[in-house]
Amino acid sequence: MIHKRQRFIALITALAMAAAMAFSVVFVVHSAEHECKKIDCQLCAAVHVCLERFQDTAPKPTQLGAVSLTVFAVIALLGAVREAAGLKTLITLKIKLSN
């Protein structure tokens, strides 16, 4: 019961964050071409805050490249280790016995 409640709360939190980001995008697009007073424009300040949040949460291309390179290297290394060790499972033994 507790596990289902935690999953439900996590789902609601994720949906709330997605909705907040979607409404931020709508706000920025809607407010992009407003008539600005140039002095203490609250709309410009709000758009600036929204754009900063997007830039803070978006992953940088170098981070994505480093993570993907690390994941591919680990997968390749594990495959090479498995082949070198000649891991034998019941399925591989059965296949070899049937030949």
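1. Details of the overall build of the protein
Counting its secondary structure elements, the protein contains four helices and zero strands. For the protein, the sequential pattern of α-helices and β-strands runs α-α-α-α. Relative to its full complement of 99 residues, the protein shows a buried share of 5%. Of the roughly 9100 Å² of accessible surface on the protein, 70% is carried by carbon and sulfur atoms.

2. Brief notes about a nonpolar patch on the surface
There is a patch of nonpolar side chains on the surface, built from Phe-8, Ile-9, Leu-11, Ile-12 and Leu-15 and spanning about 500 Å² of accessible area. Along the chain, Phe-8 falls in helix α1 (residues 2-30).

3. Quick look at the confidence of the model for the protein
Residues at a pLDDT of 70 or more form 80% of the protein, whose mean pLDDT is 77. Across the protein, element-level confidence peaks in α1 with a mean pLDDT of 83 and bottoms out in helix α4 (residues 90-98) with 62.

4. Description of the state of the cysteines
On inspection of all chains with the given rule, the structure shows zero disulfides. Considering cysteine sulfurs only, Cys-44 is the nearest to Cys-41, which forms no disulfide, with 3.6 Å between them. The class of Cys-41 is buried, set by a relative accessible area of 16%.

5. Here's the deal with the environment of Cys-44
Here Cys-44 lies in helix α2 (residues 42-57). Relative accessible area serves as the criterion here: at 30%, Cys-44 is assigned to the partly exposed category. For Cys-44, the contacting residues outside a window of four places in its chain are His-34 and Cys-36.

Each value, and the rule that gives it
Residues numbered from 1 in each chain as written. Predicted model: local features only at pLDDT ≥ 70, side-chain atom pairs only at ≥ 80, totals over all residues. Heavy atoms only, no water. Helix = DSSP H or I, 4+ residues; strand = E, 2+ residues; numbered from the N terminus. Buried < 20%, exposed > 50% of the residue type's maximum accessible area, 1.4 Å probe, protein only. Areas by Shrake-Rupley, 256 points an atom, 1.4 Å probe, with all protein chains shown as cover. Patch = residues over 30% accessible without salt bridge, like charges linked within 9 Å, V, L, I, M, F, W, Y side chains within 5 Å. Salt bridge = Lys/Arg side-chain N within 4 Å of Asp/Glu carboxyl O. pLDDT = per-residue confidence, 0-100. Disulfide = S-S within 2.5 Å. Contact = heavy atoms within 4.5 Å.

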